[in-house]
Structure formats: structure tokens, C-alpha cells
Amino acid sequence: MSALIDNFIAALQSVLPRGRGPIGLHEPEFGANDRAYVLDAIDSTFVSSVGKYVDRFERDLADFTGAKRAIAVANGTAALHIALEVAGVGRGDEVLVPSLTFIATANAVSYCGAKPHFVDSDECTLGLDPAKLDAGLRDVAEIKGGRCFNKKTGARLAAIVPMHTFGHPMDLDGLIDVAGRWRLPIVEDAAESLGATYKGKHTGRFGVMGALSFNGNKIVTTGGGGAVITDDEKLGDRLKHLTTTAKVKHPWFFTHDAIGYNYRMPNLNAALGCAQLERLSTFVAEKRQLAAAYRAAFAEVDGVTFADEPAGTKSNFWLNAVLLDEKHSSLLVPLLEQTNAAGFGTRPVWTLMHKLAIYADCPRLDLCTAESLERRLINIPSSPCWGRDKEAQS
Ligand SMILES: *Cc1c(COP(=O)(O)O)cnc(C)c1O
């Protein structure tokens with residue numbers, strides 16, 4: 001066994017409790033109010049498409065993020081899809097997305113009839129690299145009639161979707177600058193970054209819209225769910241309308257004025273979400289404490305770096321990540337095998353989008369940093385309970 005792997009496991013053992021059986025990568029946590037609100041929703045018989053918890057969840061989300069509007073939907077993928085559609089992405093367009101992301105980012109582009117155009121990531125933020133994007137656009141893009149086009153494919157470049165990887169905010173100032181110059185609307189994939197801020201402002205509020213996710217593995221969960229946040233009231237109304245079958249308001253007639261979607265979040269899920277949001281700030285604080293413990297523990301391990309929050313940001317540390325030095329990248333698989341065998345839920349990053357057969361033909365810029373990160377990145381157990389004071393750990 002290599003010294004690096006021994007030291008890596010020792011670092012995990014120094015932070016995480018021993019003798020509790022396998023520790024998952026990320027586990028949801030429920031308390032008294034989670035049960036009470038879900039039971040209340042059941043007792044009310046309003047379990048489905050209407051009910052007080054959906055309204056409250058949307059209000060609570062808007063309050064927490066500071067966004068003018070929050071529209072709750074069935075899942076984060078649906079949130080991304082409807083946000084892109086409302087941003088004007090359509091058939092034949094291209095949308096700039098990082099190759100290092102979860103599949104939903106690229107799939108949402110496909111649902112609009114558009115193609116993802118893959119962009120490289122930055123080693124420090126793990127998010128899209130604005131400088132590299134700008135250099136790539138100078139090579140492939142041109143502005144015609146106030147809109148941005150790919151000179152090589154002829155397609156319109158319709159939007160850009162940055163993603164805040166593992167809760168670390170990407171370089172938003174850099175991106176806003178590049179997006180402005182190339183007339184590209186920004187739709188943020190903030191599915192992983194609820195509770196994370198960039199220069200004091202909540203992620204998801206830097207473009208025209210931001211998408212959130214409340215899947216079971218996210219920092220707070222509704223079982224399955226998502227939301228779009230926006231500061232534009234008109235867009236908010238449009239999002240609500242299109243995600244609720246585009247029904248025209250009327251006491252009894254069913255009339256629909258667009259091909260909308262049944263993307264609404266059920267009241268039952270929103271009930272759970274209301275209780276989870278009550279604990280979001282605590283979860284963020286606990287995750288930040290866990291990250292501090294990992295930062296210290298992994299400083300002692302030669303050959304790796306702890307993926308820390310970028311300067312000027314406050315990460316929610318949804319998933320903690322450690323990067324192997326390039327010369328140790330051959331240890332990634334044995335490290336995954338041995339940490340999991342030792343009872344620690346670890347995993348590699350997603351296979352890069354441009355390497356999947358379904359997206360192999362899509363246009364892309366140079367992706368060398370994303371490819372390096374894919375060889376070297378390992379996520380380690382990140383449930384908020386492990387950041388809690390030892391006596392209070394459950
Ligand atoms: C979780 C996630 C989503 C949305 O996922 P859903 O499971 O559909 O809620 C989108 N993008 C990223 C980067 C994610 O991590």
C-alpha cells in the first residue's frame with residue numbers, strides 16, 4: 001500500500017468517528033418538524049399540486065437567497081430546463097456549459113433542442129474558467145446583429161450556464177464581464193450551492209435566473225425537487241405559468257395559452273422543504289466546520305491538496321473534495337477502492353460530458369484542466385453531522 005493512501009485514510013479517520021459502520025458520502029437528516037409538516041400536509045389532503053406549503057416554501061426560499069422570486073418545481077433538472085427555455089434557448093442553438101458537471105446541465109440544454117458547447121474549468125474554483133472561455137470565444141465566435149454566433153457551426157450561442165461545483169462559487173465577476181462582451185445571458189446552475197455566496201450575494205442571483213435542486217443528496221432535500229430563482233418579476237410570472245401547465249386563471253374553465261409543463265412541486269414535498277430550510281443555516285455552519293477539520297487534516301498529507309473555497313466567496317461545502325497531485329493520479333482508483341473498503345463513502349468526479357457517447361459530437365473548447373481534474377479529484381464524506389461538536393454527533 002502506498003504511503004499516500006495510508007496517510008489519506010489516516011486523515012479521514014482523524015476527522016470522522018470510528019466504529020460506526022460505513023459512512024456515506026452525503027446523507028439527509030430529518031427531525032421533528034420534517035415529520036410534523038409532512039403529516040400536516042397529509043392530514044390537510046392537499047398533497048399534490050396546490051397547498052400552503054408550496055407558497056411558504058417559495059417565500060422562504062426567496063427570503064433566504066434574497067431573490068425577488070422563487071418558483072418551486074419537480075426537480076433541479078426541470079428547473080434548469082424551464083429556465084433555459086424562458087431565457088430563449090431553442091432548437092439549433094448552442095449553450096456554453098462546463099464539461100465538468102452533472103449530466104443534468106447538459107441534458108437541460110438538449111431538452112430545448114439545443115446543443116451543449118463544452119468549456120474548460122478552473123483548477124482553483126472547480127467552476128467554468130472565464131478567461132479560457134473568452135480566449136475560446138475569440139477563436140470561434142462573432143457578434144452579428146447584437147447576437148453571438150459560432151462562426152464554425154453557424155449556430156447561435158444562446159446562453160451560458162456556469163455551475164458552482166460542490167458548492168464553491170465560480171468566478172462570477174470574470175464571467176459577467178465575458179458574458180457581457182459576448183451578449184450571452186447567464187443562467188446559473190446553482191443546484192449544489194444553496195447557502196453559498198459570492199461577495200456576500202447568494203449564488204443563483206448573478207444571471208437572469210438560477211436553478212436549485214432539493215434532491216435527496218443535496219444540502220437540504222424535499223425528496224425530489226428544485227426551484228428557479230430570479231429578481232425579475234415578469235420572468236417569475238412566466239416561470240410559474242409555464243411550470244403549471246400554462247393554465248389561464250379562471251374559476252372553472254380549463255384553458256391553456258402555451259404548451260406548458262407539469263413541473264410543479266407537490267405540496268407534500270414542499271412541506272418537507274419548509275422544515276429543511278429551517279435548518280439550512282445550521283447545516284451550512286456544520287459543513288464549514290467539517291471542511292475546516294478536513295483542511296487541517298489533509299494539510300498533513302503529502303501529494304494532495306484540499307479543494308478550498310475560492311477567495312471572496314463563502315462556500316456551503318456541499319461535498320468536500322481532495323485533489324491528488326498529477327504525479328499521483330494513478331492512485332485514484334486504488335484510493336477509491338481502499339477508502340470505500342475502510343468504510344468511507346468516497347467517489348470520483350462525474351465522467352466529463354464530452355467523453356460520454358451521447359455528447360461526444362458536441363462542439364467544445366480546449367478542456368485540459370477539466371481532464372486533469374477528472375483524473376485527480378476525490379469526494380469525501382460530507383454530511384453536516386460530522387461537522388457538529390463530537391458529543392452532538394448522531
Ligand atoms: C443535483 C444537480 C442538478 C439537478 O438535479 P435533480 O436531481 O434533477 O434535482 C443539476 N445540476 C447539478 C450540477 C447537480 O448537482
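See above for the structure.
A. Spotlight on helix α1 (residues 3-15). End to end, α1 covers 19 Å across 13 residues, agreeing with the expected 18 Å (1.5 Å per residue, within 8%). Leu-4, Ile-5, Phe-8, Ile-9, Ala-11, Leu-12 and Val-15 are the residues of α1 that are buried. Projected down its long axis, α1 carries its buried residues within an arc of 155 degrees, all on one side. Opposite the packed face of α1, turned more than 90 degrees from it, sit the exposed residues Ala-3 and Ser-14. Residue Ser-2 occupies the N-cap position of α1, its side-chain oxygen lying 3.3 Å from the main-chain nitrogen of Leu-4.

B. Empty space enclosed by the protein, seen in detail. The final tally for this structure, using the stated rule, is 1 cavity of 30 Å³ or more. In this structure, the largest cavity spans a volume of roughly 40 Å³. For the largest cavity, the full set of lining residues is His-26, Glu-27, Pro-28, Glu-29, Lys-218, Ile-219, Val-220, Thr-221, Gln-276, Phe-283 and Pro-384. Partitioning the lining of the largest cavity into residue classes produces 5 nonpolar, 3 polar and 3 charged.

C. Up close: the packing of α1 against helix α11 (residues 332-341). Contact pair α1 / α11: the axes reach a minimum separation of 10 Å and the direction vectors enclose 40 degrees. Considering their axes alone, α1 and α11 lie oblique with respect to each other. Handedness of the α1/α11 crossing: right-handed. Contacts from Ile-5, Phe-8, Ile-9 and Leu-12 of α1 reach α11 at Pro-334, Leu-335, Gln-338 and Thr-339. Grouping the constituent residues of the contact of α1 with α11 by class yields 6 nonpolar, 2 polar and no charged.

What counts, and where the lines are drawn
- Residues numbered from 1 in each chain as written.
- Predicted model: local features only at pLDDT ≥ 70, side-chain atom pairs only at ≥ 80, totals over all residues.
- Heavy atoms only, no water.
- Helix = DSSP H or I, 4+ residues; strand = E, 2+ residues; numbered from the N terminus.
- Expected span 1.5 Å × (residues − 1).
- Buried < 20%, exposed > 50% of the residue type's maximum accessible area, 1.4 Å probe, protein only.
- Arc of directions from axis to C-beta.
- Polar contact = N/O pair within 3.5 Å; in protein donor to acceptor, adjacent residues only side chain to side chain.
- 1 Å grid on protein atoms, 1.4 Å probe; cavity = no way out; pocket = protein on both sides within 12 Å on 5 of 7 lines; lining within 4 Å.
- Points joined across faces, edges and corners; volume = space filled by probe spheres on them.
- Nonpolar A, V, L, I, M, F, W, Y, C, P; charged D, E, K, R; others polar.
- Axes fitted to C-alpha atoms, helices over the stretch in contact; angles between N-to-C directions.
- Parallel < 35°, antiparallel > 145°, perpendicular 65-115°, else oblique.
- Left-handed = near helix turned anticlockwise from the far one by under 90°.
- Contact = heavy atoms within 4.5 Å.

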